[in-house]
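Architecture at a glance
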Amino acid sequence: MNKASILKEIIEQRRSIFPKDYTDAEISQEVLDEILHSATLAPNHKRTKPWRFKIFKGEEKAKLASEMQAIYKASQPEQLFLEKKYNDIGFKINKADVVVSIVVNFSGMLPEWEEIAATSMAVQNMYLTCTANNIGCYWSSPKIVDDLKDSLTIEENQKCLGLFYMGTV
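Within each chain, residues carry numbers counting from 1 in the order of the written sequence. In view of the model being predicted, local features appear only for residues whose pLDDT reaches at least 70, and side-chain atom pairs are presented and counted only at 80 or more, with totals across whole chains, interfaces and linings using the full set of residues. Hydrogens are left out, water is left out, and the side-chain values use all remaining heavy atoms of the structure.

So, on to the sheet that holds strand β1 (residues 51–56). As a general point, the strands of a sheet are linked pairwise by backbone hydrogen bonds and lie either parallel or antiparallel. Note on pairing: two strands pair once DSSP finds at least 2 bridges between them. Secondary structure elements are defined from DSSP: runs of H or I of at least 4 residues count as helices, runs of E of at least 2 residues count as strands, and each element is numbered from the N terminus. Reading across the sheet, the 4 strands line up as β1-β2-β4-β3 and stay open at both edges, with antiparallel pairing between neighbours. Both edges of this open sheet fall to β1 and β3 (135–140), since each of them pairs with a single strand only. The mean angle between the axes of side-by-side strands here comes to 25 degrees, regardless of whether they run parallel or antiparallel. In terms of strand pairing, strand β2 (residues 98–105) meets strand β4 (residues 158–168) through 8 bridges, oriented antiparallel. In the sheet register, Ser 101 faces β4, and the bridge partner there is Leu 163. Contacts are residue-level and defined by heavy atoms, with any inter-residue pair within 4.5 Å sufficient. Each axis is a line fitted through C-alpha atoms, and for a helix only the stretch in contact is used; angles between axes span 0 to 180 degrees, taken between their N-to-C directions. Across the face of the sheet, helix α3 (residues 58–75) comes into contact with β1, β2 and β4 while running at roughly 105 degrees to β1.

For this analysis, a nonpolar core means a set of buried residues of the types Ala, Val, Leu, Ile, Met, Phe, Trp, Tyr and Cys, connected via side-chain atoms within 4.5 Å. Partly exposed residues are those whose accessible area sits between 20% and 50% of the maximum for their type, while under 20% is buried and over 50% is exposed, using a 1.4 Å probe and protein chains only. In this structure, Leu 64, Met 68, Ile 93, Val 99, Phe 164, Tyr 165 and Met 166 are the most contacted members of the largest nonpolar core, which totals 44 residues. For this core, the elements supplying multiple residues, two or more each, are α2 (29–39), β1, α3, α4 (83–95), β2, α5 (112–132), β3 and β4. Filtering out sequence-adjacent residues up to four positions away, Met 68 remains in contact with Ile 89, Ile 93, Pro 142, Ile 144, Val 145, Leu 148 and Leu 163.

Everything listed here is a matter of coordinates, which is why it stays silent on function.
Structural data, given as structure tokens:
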């Protein structure tokens with residue numbers, strides 16, 4: 001099979017696959033490194049490399065789940081709080097083998113949309129590399145990521161665009 005056919009097949013197979021469908025098997029460090037490296041190959045104007053990723057595994061991932069649940073609980077009026085949504089937040093993070101925060105760093109050298117676009121292309125590269133390696137993944141952008149403070153160190157010129165969940169399928 002030629003490269004164009006392989007690429008077309010990977011693009012056609014790319015899907016969001018959610019944590020409920022992940023197995024308990026770990027993603028190897030070699031595959032995780034390949035996924036993250038592919039992100040860094042995204043085109044970016046003036047080579048600003050605006051993406052910032054933080055990998056959450058193990059205990060850090062459990063802390064992220066707890067922090068996001070606490071943010072959800074604190075931000076909801078009692079009459080709007082949904083126990084199911086609260087539990088789903090923790091389930092999705094804990095069921096994923098790896099969660100990656102997606103942060104864009106605005107350099108000030110370019111319009112913000114260009115750096116958001118470059119970061120999005122980096123995430124698309126991760127999606128395609130996950131597909132090629134039979135890793136389920138999806139990009140979630142819940143409003144509560146704006147309030148992540150303990151798990152992420154967001155600088156004034158940065159914005160969290162969401163979380164990228166990965167797991168074996």
